[in-house]
Amino acid sequence: MHDDALTAPVDETAAAALTKNGLRMAVVDPADDAQAEAWLHADARGFHDPAHSDALLGELRASQPLQRSVGVYDDGIAEPGIPVATVAAWPAALTVPGGQLDSWAISAVTVAPTHRRRGVARAMLESELRVAVAAGIPIAALTVTETTIYRRYGFGPATWSTDVEVDARRVGWDGGEAPGRVQLITRDGAIAVGSTLLEEARRATPGDVQVVGHRFGRIFGAPSEPEEQRKRRFARYDDADGVTRGLLVYRPTQEEGDFTNFSVDVLHLVATTDDAYRALWRFVLSLDLVGTVRAFLRPVDEPLRWLVADPRRIRTTEVREHLWLRVLDPVAVLSARTYAGPGRLALRVADPLGHAEGAFTVAADASRAATVTPGEQEGVPLLEVPVDVLGSLYLGGASAVSLLRAGRLRERTPGDAALADRLLRPPMAPVLTTWF
Ligand SMILES: CC(C)(COP(=O)(O)OP(=O)(O)OC[C@H]1O[C@@H](n2cnc3c(N)ncnc32)[C@H](O)[C@@H]1OP(=O)(O)O)[C@@H](O)C(=O)NCCC(=O)NCCS
């Protein structure tokens, strides 16, 4: 893990650009209470969140050393200690087909309304990419609030997620019985099994990113949100040998004025075996007094529809891109994943920021691992891609043929995009199951 990136100094190129605008860029010292709290305040304000309660501030402060927080300051304003722009990033493992690699997870991108449209966001984003490159981190990752911003920095949407709403009374179960046992557990019990299970499931799920710091506590309902914490319920699935294989975090809510009709939100359904997956879905869909079950950030090819009697009672309420990736080192990232089988593919990448510019040839062997070399070889299928499209293709979540038809990439010979899809697309669509 590239933890040394956490202590990287300010990026001088960005700092110099901001100085010309009368602004000062600084890395926040997590041990400096006043500076760290002012940064958190600015982050909340940037997203129109309420001011942090003391409890939330405590939680965020505790995990601040796990991220590199950067502030941009205007020393001429009334309260110069509060940054006018924020960004944070940390190293986080990203699961890819057949393995994992370190990513630079970026979050908390805000610019105060008084300082917008002066290139502050651009300076910050470009600086994060340079910091990652300097630390040897081959890819940057983020989840976005505003989808229209990040392509210009080379990020492309790489995974898609769905929200679903199930008519629990009519959907019917057709998935049989799992051999193990589901049991209700307390929040403490869920936390006790949670870290191992979440990490095991994350490592088996291309597109998923390691949960770091306070985000882990949020899964179980954070102490800073006591109301929310009290509403959460937990169940686990143990296999026939008594080994815990799955965890469900859900929240029942009474529909207005009707204590015989609840809806249930599935906040996390984590399973490391198919039996656990089946058992936990069956459990939540057969709760008494429950009419509707909603689930969030689910994979686009969720097997659930094949486990029920009436798949039409599962309504997809949202499909959206979720994880955005920015390739910084094509040789490292393309070598880190496995491919569908033996084959070769060349990629000619255009990167206005230069990090990923060039041509690269992937040669996958029968073991599905690949050797990646700079340059393109004659007779190998070749795609010409802007770097954001490489991010979209990388995990196999987007189809090269679809991108070709949209004019977002070019193929050297007709059929190259279809050959690329055969090599790149994994058996199940990649998915990111959390926010960061
Ligand atoms: C979004 C935000 C960070 C942009 O900051 P900024 O400093 O004004 O951005 P910049 O001046 O560096 O502009 C960067 C580019 O993004 C574009 N841009 C800026 N805000 C945009 C928006 N809301 N929608 C679409 N494009 C936007 C600019 O036109 C500019 O394009 P160019 O470089 O191709 O000319 C800022 O408006 C903000 O803090 N918004 C509220 C919080 C938020 O939405 N954060 C993003 C979380 S994903």
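Since this is a predicted model, take the numbers as computed values, not measurements.

Describing the nonpolar core
So, point 1. With 45 residues, the main nonpolar core has Leu-323, Leu-325, Leu-334, Leu-383, Leu-393 and Tyr-394 as its most contacted residues.
So, point 2. Of all the elements, helix H10 (residues 387–394) adds the most residues to this core, at 5 residues.
So, point 3. Here this core spans two domains, since at least three of its residues come from each of domain 1 (3–137) and domain 3 (328–424).
So, point 4. Within the second largest apolar cluster, 36 residues are counted, among which are Val-84, Ala-85, Ile-106 and Leu-328.

Some thoughts on the pairing of strand E3 (residues 85–96)
So, point 1. Counting buried residues in E3 gives 12 out of 12 residues, a clear majority hidden from the surface.
So, point 2. Alternating positions in E3 separate into two faces, Ala-85, Val-87, Ala-89, Pro-91, Ala-93 and Thr-95 on one and Thr-86, Ala-88, Trp-90, Ala-92, Leu-94 and Val-96 on the other, with burial throughout.
So, point 3. Of the pairings in the sheet, the one linking strand E2 (residues 68–73) to E3 comprises 5 bridges and is antiparallel in character. Across the sheet, Val-72 pairs through a bridge with Ala-85, a residue of E3.
So, point 4. Sheet topology places E3 next to strand E4 (residues 99–111); 11 bridges connect them, and they run antiparallel. Counted as the bridge partner of Ala-85 is Val-111 from E4.
So, point 5. Connecting the antiparallel pair E3 and E4 is a turn made up of 2 residues, with Gly-98 showing a positive phi of about 80°.

A short note on the packing of helix H1 (residues 12–20) against helix H4 (residues 120–134)
So, point 1. Between H1 and H4, the shortest axis-to-axis distance is 8 Å and the interhelical angle comes to 165°. For the element pair H1 / H4, the angle class is roughly antiparallel. Both H1 and H4 take part in a crossing whose hand is left-handed. For the pair formed by H1 and H4, the contact residues are Thr-13, Ala-14 and Leu-18 on the first element and Val-120, Ala-123, Ser-127 and Arg-130 on the second.
So, point 2. Looking at side-chain class alone, the contact of H1 with H4 contains 4 nonpolar, 2 polar and 1 charged residues.

Things to note about the UniProt feature "active site" (unreviewed entry) in the protein
So, point 1. Mapped onto this numbering, the UniProt entry gives "active site" (unreviewed entry) at Tyr-150 and Phe-436.
So, point 2. Along the polypeptide, Tyr-150 turns up in the loop between strand E5 (139–143) and strand E6 (156–157).
So, point 3. Discounting chain neighbours no more than four positions away, the residues touching Tyr-150 are Val-109, Leu-125, Leu-142, Val-144, Phe-155 and Trp-324.
So, point 4. Its location among the elements puts Phe-436 in the segment after helix H12 (416–424).
So, point 5. You can call Phe-436 buried: its relative accessible area is 10%.
So, point 6. Residues in contact with Phe-436, not counting those within four places in the same chain, are Trp-90, Ala-105, Ile-106, Ser-107, Ala-141, Leu-142, Thr-143, Val-209, Arg-215 and Leu-323.

With respect to the sheet that holds E4
So, point 1. With mixed pairing, 7 strands are arranged side by side in an open sheet as E1-E2-E3-E4-E5-E14-E6. Edge positions in the sheet fall to strand E1 (24–27) and E6, since each has one partner strand and no second.
So, point 2. Strand direction decides the pairing type here: E6 and strand E14 (residues 323–327), joined by 2 bridges, are antiparallel. Across the sheet, the residue bridging to Gly-156 is Leu-325, located in E14.

Description of the domain arrangement of the protein
So, point 1. Examined at the domain level, the protein breaks down into domain 1 (3–137), domain 2 (162–320) and domain 3 (328–424).
So, point 2. The distance between the C-alpha centroids of domain 1 and domain 3 comes to 32 Å.
So, point 3. Here domain 1 packs against domain 3, burying approximately 890 Å² in sum over the two surfaces, 78% of which is carbon and sulfur.
So, point 4. Counting the surface domain 1 buries against domain 3, the share from its top three residues, Pro-97, Leu-101 and Leu-129, is 47%.

Conventions we followed
- Residues numbered from 1 in each chain as written.
- Predicted model: local features only at pLDDT ≥ 70, side-chain atom pairs only at ≥ 80, totals over all residues.
- Heavy atoms only, no water.
- Core = buried A, V, L, I, M, F, W, Y, C linked by side-chain atoms within 4.5 Å.
- Buried < 20%, exposed > 50% of the residue type's maximum accessible area, 1.4 Å probe, protein only.
- Helix = DSSP H or I, 4+ residues; strand = E, 2+ residues; numbered from the N terminus.
- Domains from an automatic or database assignment.
- Pairing = 2+ DSSP bridges.
- Axes fitted to C-alpha atoms, helices over the stretch in contact; angles between N-to-C directions.
- Parallel < 35°, antiparallel > 145°, perpendicular 65-115°, else oblique.
- Left-handed = near helix turned anticlockwise from the far one by under 90°.
- Contact = heavy atoms within 4.5 Å.
- Nonpolar A, V, L, I, M, F, W, Y, C, P; charged D, E, K, R; others polar.
- UniProt positions renumbered as here; feature names shortened; annotations may be inferred.
- Buried area = accessible area lost by both parts, 1.4 Å probe.

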